[in-house]
Amino acid sequence: MILEPLGAVALGLVLAWLALRSLPHRLPSRRTVLTTGALGALFGVYLMHSMLGPGHAVAALIGSALIGAVTLSLLIRPRSQRLSRSAAA
């Protein structure tokens, strides 16, 4: 029972780290991204465990990774106007 939340937090931190590595200029502070990733995945495993019930640990972790990724995607800022104009030229 305790392994699902711990696994979800680990998955959320890995997702947040990957997001920071791939889009560092479009995300807020590192602490905010890591916290959001961990909490989003923790909420995801809670939601999936509530929907699926006990005995579906792998499916709950997959669902928590998806919900954590969606939560992290809400932090991405749009590109600046200067980058958009130079890309269009």
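Above this text sits the structure in question.
The structure displayed is predicted, hence computed values, not measured ones. (Residues numbered from 1 in each chain as written. Predicted model: local features only at pLDDT ≥ 70, side-chain atom pairs only at ≥ 80, totals over all residues. Heavy atoms only, no water.)

**Observations concerning the overall build of the protein**
Heads up, the condition is: We count a stretch as a helix when DSSP gives it H or I for four or more residues in a row; a strand needs E for two or more, and each element gets its number in order from the N terminus. Partly exposed residues are those whose accessible area sits between 20% and 50% of the maximum for their type, while under 20% is buried and over 50% is exposed, using a 1.4 Å probe and protein chains only. Any two residues having at least one pair of non-hydrogen atoms within 4.5 Å are treated as being in contact. Surface exposure here means Shrake-Rupley accessible area, sampled with a 1.4 Å probe, where a residue is shielded only by the protein chains that are shown.
Check the secondary structure of the protein and you find four helices and zero strands. Mapped in sequence order, the helices and strands of the protein form the string α-α-α-α. Here the protein, with 89 residues, has 28% of them falling under the buried criterion. Residue pairs in contact within the protein that sit at least 24 positions apart in sequence constitute 66% of those at least 6 positions apart. Split by element, the accessible area of the protein, about 6100 Å² in all, is 70% carbon and sulfur.

**Description of helix H1 (residues 3–22)**
The following threshold applies: Every helix has an expected span of 1.5 Å times one less than the residues it contains. The arc in question is the one traced by the directions running from the helix axis out to the C-beta atoms.
Relative to the 28 Å expected for 20 residues at 1.5 Å per residue, H1 spans 28 Å between its end C-alpha atoms, a close match to the ideal helical length. Inspection of H1 places Glu4, Ala8, Gly12, Ala16, Ala19 and Leu20 among the buried residues, and these make up the whole buried set. Buried residues of H1, seen end-on, are gathered within an arc of 140° and therefore sit on one face of the element. Away from the buried face of H1 by more than 90 degrees, exposed residues Leu3, Leu6, Arg21 and Ser22 are located. On its buried face, H1 is in contact with helix H2 (30–52) and helix H3 (57–73).

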